[in-house]
Amino acid sequence: MNLLPWTLYVSFAGALLALLAGTRSAAAARRVALGTALAGLAITLLAAREFVPGPELQTLVNVPWITELGVRYHLAVDGISLSLLVLTGLAATAGILFSWNNEERTGEFFAFYLSLIGGVYGVFMSADVFLLFVFYEIAIVPKYFLVAVWGSTNREYGAMKLVLYSFAGSALVLIGLLWAHAAGGATGYGLAELAEGARHIPAGSQIAIFALLFLGFAVLAGLFPFHTWAPTGHVAAPTGASMLLAGVVMKLGAYGCLRVAMPLFPGAFAVCQPVIAWLAIAGIVYAGFIALVQSDFKFVIGYSSVSHMGFVLLGLAAATPLALAGAVLQMVSHGIIAGLLFAVVGRMVYERTHTRELAALQAMPLHRLLPFAAGVFVLAGFASLGLPGFSGFPAELSILTGTWQAKPLWAVCAALGIVVAGAFTLRAIHVAFFGSTGATALLADAGHHDEAHAMAPISWPEKTGALLLLAATLWVGLKPDVLLDWIVPALQSPAFKAVINGGTP
Amino acid sequence: MNFAYAELLSALRPELSLVVGALLVLAVDLPKTKRSLERRTHIACGMGAAALLAALVSLLGVGNLGNIWGGVLVLDTLALVARGGVFGLGLLTLGITAGTTRLRNPAEFVAVILFAITGFALMAAAQQLLLAFLALELASLSLYVLAGFDKTRAESAEAGLKYFLFGGVSAAFMLFGFSLIYGLTGSIELPEIARQLALSGPSPLLLVALVLVLVGFGFKAAAAPFHLWAPDVYQGAPAPAAALIASASKLAGFTLFLRLLWPGLGGVAGGGNGMAGWITVVVWLALASLLLGNFVALAQSKVRRVLAYSAIAHAGALLLGVIAAGWAGVAPLLYYVMTYGVATVGAFGVIAAVERHQPCVNLADLAGLRTKSPLLAGCLMVFVLSLAGIPPLAGFVGKFLVFSSALQAGCMTGWLALLAILLSAVALYYYLQILKPALVLPAQPDTATRIPVHPVAAITLVFAAGLILLLGLWPSLLLGLF
């Protein structure tokens, strides 16, 4: 357990090392990066083995940092953070495997990549809101460079939009945080201290501060109608970065809502619940329909991410124990599946066919040219649909059941989103991979004979990364209780009990 | 009155070493020799740095004396830290000067820098209107000269003249304000003025005096709507001169006005109780600076103009810190202005280093800096991100300190702090516009392929970047001084 803070230190040190190694050779930088990510993953897995689930945050480090402000360097985990830490380790490793062919400024790429990862680990472990905010902002700037330097399609626009949305969101969080601190008269920025102070704030101000905090974090979680950065950003990003953006960075937002906004102001949250729920439902359905009509393969996945993150937000809004557990499970599940989908589209398909236009892909018999990619995408698509056996199933089922307990109407409307998700996923699978079968495939085979030979075989890092993520989604799908055994006890803490009971502890 | 001149001399040892240093720098360069310009620059900068180091050491020796020389000067913690900061920023400025070869009379340049710093140091310690004005004028006149120092470029002359004209007018406003305050209270000493004002309370004439003083203050701080000189001066002045104007001058100016406004005129601050006072005026200045600085910076295409408008926006935040100092103490403001100064000197240092080898006017001129000099690109990233307030750099902590103290200060400043935080998202856009060419875009074909950095300048920049990171990670190093 006590090793967990080292995920942070290892990541930042790895970033520096990768930068130095990159001046020697790209291969050295890659090895450093992979070693760092594996070390992070190993640390989280070791910690997970020793973890004893319980309702309280288990402190890892707690020392004064800025005494003048009462800020403490306080790292702590419970089952929720631990699940997300393991996800971060997994996504980081897979993302590096899928960036293995990066030859341009490789050292810098992995330096930015690993500092982003370091920030993400930090957010998931912070028990002091100031510290959490610091890590949250550390994760912002690397995103700009990852997308602007190594991205594709309109990358400078996508990068700037992504960063400005995130930073505007974090500005709202900062306002909320400072306001909560000043109005509550808290002496420090610890979660418990702020929550104590928050109780003395008048109800009207509580709602305003809650709205600022929740909205600020939810921008990063892709809350409708502030989600538009996500598809453009994900599409413009290089594969490894889109896997991280969709896989873990969007979870930072949802985690911030769950860890900071809701427990600090349970009363205000109870008032805002319907608004959040309807926005989440709008996001689920709207993004689903938009994904249905995209002509760019990556945009389909980009909008599907927004739609699936809508379920997380819906789970938070419903705030029954089952829905909250489902929301955390969905964060993990979507982190894995989104990574997998982006990996297939961005790395396996795009870098071999050099097109993401569904119409162009339709003309190629990809299921024959890239059978491995097709197989992985079909499985990932099923997982994304929420078919039993994959991680999406227990997650979305718990969210919908939990939401039904709170408001059946919300569950019914959100279930419509599942149907739409089925439609756009199957369409993507069908058009992109099985667009030409039978006789047309033979014709296409003849026509694309040269290209069939030109396509490089799927390399070992891709296979390893894909199998790693597939194994993870199957494992979570078949044995969700492993994660739920961590998550459910964490929801028994007084802070979350207040959230579940609508403000009364 | 029987003034103890020995006491004064002993207390002003730092200033004394600066003046002696300046004269020595001039004397050494006086005889006609065959030394190259570069060598003369090095000698001058080295001697200047030695004088500043001597000043720093004697500053520690003098320590915290309280009122000296009948209360004309006060050497409290604020004065001590501000003077230390001014000397430190001066050292950084000399460090980046060592790398420039453009100046034809390096010894004079360094000597004038030392005189300006002497002025700054006295501004930080003055507790009497007359001395404050004299110190301010010593600093300002030196800065006018520095701004117009590069005789080979018309822009530099324009910068010098513009700065002089605006500065002269604003000094007249301030002096008129001082004279009214003297007329109302019968004293030029701040403690006495405070006592008299507490007895008499606010009057219409006093409000006029306050407004006049604040006009002068707004000019020094480059606060809107008195900012018009800043973009042109930043643009035209030699880079080290611009760095000094943007950093040490700000620190000294804000220290002086902190002392003038709170211990001196604190009784007529107004604000919280709805009374008219100087807080209202400062709030409006801050609002105008925040809005104008941040939005106009978006439209700039020249590196130094972006920095100039960002400086105006930062002046808005600093003005908030001045108001908040009445409630939360001076630490947030001093931390902000000092770390801002380090980042600005650093940014100008990078510009100066690039200018040695190729033009560095437009943002596009920075294109490919990453390949030309990884060191400069890395340092620029640290400085600019600190200006943008990104953790874990010092700019973030400064922003956080000032805004959280402004929230405690009252309703008006609270709202302004919230607005300032929102505007920081706008600011990130133009800061990234500086970093985009430097770190993302490839070099333009017809420019230098590599930019070697002068070792002294390189050490200075790395030191400044390290300082920004260090103060961001351990803000208590600086905050603990108060």
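Computed from a predicted model, the values in this text were never measured in an experiment.

Novice: Summarise the overall build of chain A; cite the residues concerned and give the values.
Specialist: Along chain A, the regular secondary structure elements total 24 helices and two strands. Rg of the C-alpha trace for chain A: 22 Å, near the compact-globule value of 23 Å for 505 residues, within the 12% margin. Referenced to the eigenvectors of the C-alpha coordinate spread, the extents of chain A come out at roughly 75 × 55 × 40 Å. Buried residues in chain A amount to 65% of all 505 residues. Counting contacts in chain A only where the partners sit at least 6 residues apart, residues at least 24 apart contribute 80% of the total.

Novice: Let's hear about the interface of chain A and chain B: which residues, and what values?
Specialist: Listed by partner, the interface residues are 23 residues for chain A and 23 residues for chain B. Listed by contribution, the elements that provide at least two residues to the side of chain A that touches chain B are helix H5 (129–138), helix H6 (140–150) and helix H7 (155–184) of chain A. Considering every element that reaches the side of chain A that touches chain B, the biggest residue donor is H7 of chain A, with twelve residues. Taken together, the residues that form the side of chain A that touches chain B break down as 19 nonpolar, two polar and two charged.

Novice: Account for the environment of Leu-244 of chain A, with residues named and values stated.
Specialist: Residue and element names in this part refer to chain A. With respect to the helices and strands, Leu-244 occurs in helix H11 (residues 239–264). Since 32 C-beta atoms lie within 10 Å of it, Leu-244 is described here as buried. Separated by 221 residues in the primary sequence, Leu-244 and Gly-465 have C-alpha atoms spaced 13 Å apart.

Novice: Can you break down the confidence of the model for chain A residue by residue, with the values?
Specialist: Across chain A, the average pLDDT comes to 87, with 95% of residues at 70 or higher. The least confident element of chain A is helix H20 (residues 438–447) of chain A, whose mean pLDDT is 50; the most confident is H5 of chain A, at 93.

Novice: Help me get a handle on the packing of H7 of chain A against helix H19 (residues 411–440) of chain B, residues and values and all.
Specialist: Relative placement of two packed helices is described by the angle separating their axes and the distance separating the axes. Where H7 of chain A meets H19 of chain B, the closest approach of the two axes is 9 Å, and the angle between their N-to-C directions is 160°. Put simply, H7 of chain A runs roughly antiparallel to H19 of chain B. Between H7 of chain A and H19 of chain B the crossing geometry is right-handed. Contact with H7 of chain A, carried on its side by Met-160, Val-163, Leu-164, Phe-167, Ala-168, Ala-171, Leu-174 and Ile-175 of chain A, involves Leu-418, Ile-421, Leu-422, Ser-424, Ala-425, Leu-428, Tyr-429 and Leu-432 of chain B of H19 of chain B and no other residues of that element. Considering only residue class, the contact of H7 of chain A with H19 of chain B consists of 15 nonpolar, one polar and no charged.

Novice: A description of helix H14 (residues 321–353) of chain A should follow, citing residues and the corresponding values.
Specialist: Residue and element names in this part refer to chain A. With 33 residues, H14 should reach 48 Å at 1.5 Å per residue; the first-to-last C-alpha distance of 46 Å fits that figure. Considering bend angle alone, the principal kink of H14 is centred on Ala-343 and spans about 30°. Two residues or fewer past H14, His-354 is found with a positive phi of approximately 60°.

Novice: Tell me about the nonpolar core, and name the residues and values.
Specialist: Generally speaking, soluble globular proteins have nonpolar side chains that are buried together. Residues and elements named next belong to chain A. Counting 421 residues, the largest nonpolar core has Leu-313 and Leu-314 as the members making the most contacts within it. A total of 20 residues in this core trace back to one element, the largest contributor, which is H14. Residues contacting Leu-314, with those up to four places away along its chain left out, are Ala-277, Ala-280, Ile-281, Ile-284, Ile-399, Thr-403, Trp-410 and Ala-414.

What counts as what
- Every chain is numbered on its own, with residues counted from 1 as its sequence reads.
- Each chain takes a letter, starting from A, and each ligand takes a number, starting from 1, following the order in which they are written.
- The predicted nature of this model means local features are confined to residues of pLDDT at least 70 and side-chain atom pairs, given and counted, to a pLDDT of 80 or more, with totals for whole chains, interfaces and linings taken over all residues.
- By the criteria applied, helices consist of DSSP H or I runs no shorter than four residues and strands consist of E runs no shorter than two, each listed in order from the N terminus.
- All radius of gyration figures rest on C-alpha atoms, and the globule criterion is 2.2 Å times the number of residues raised to 0.38.
- Exposed residues have 12 or fewer other C-beta atoms within 10 Å of their own C-beta, buried residues have 20 or more, and residues in between are partly exposed; the C-beta atoms are placed from the backbone.
- Contact between residues is assigned whenever the C-beta positions, reconstructed from backbone atoms, fall within 7 Å.
- All amino acids are sorted into three groups, where Ala, Val, Leu, Ile, Met, Phe, Trp, Tyr, Cys and Pro are nonpolar, Asp, Glu, Lys and Arg are charged, and the leftover types, Gly among them, are polar.
- Every residue is assigned a pLDDT by the predictor, reflecting its confidence on a scale from 0 to 100.
- Orientation is described by axes fitted as lines to C-alpha atoms, over the contacting stretch for helices, and by angles from 0 to 180 degrees between their N-to-C directions.
- With respect to orientation, any angle under 35 degrees is reported as roughly parallel, any angle over 145 as roughly antiparallel, any angle of 65 to 115 as roughly perpendicular, and every other angle as oblique.
- Whether a crossing is left-handed or right-handed is set by the direction in which the near helix is turned from the far one by less than a right angle, anticlockwise for left-handed and clockwise for right-handed.
- Under the convention used throughout, the expected extent of a helix is 1.5 Å for every residue step, that is, one less than its residue count.
- The quantity called bend is, for any residue, the angle between two axes fitted respectively to the seven residues ending at it and the seven beginning at it.
- Here, a nonpolar core denotes buried Ala, Val, Leu, Ile, Met, Phe, Trp, Tyr and Cys residues that are linked to one another through C-beta atoms within 7 Å.

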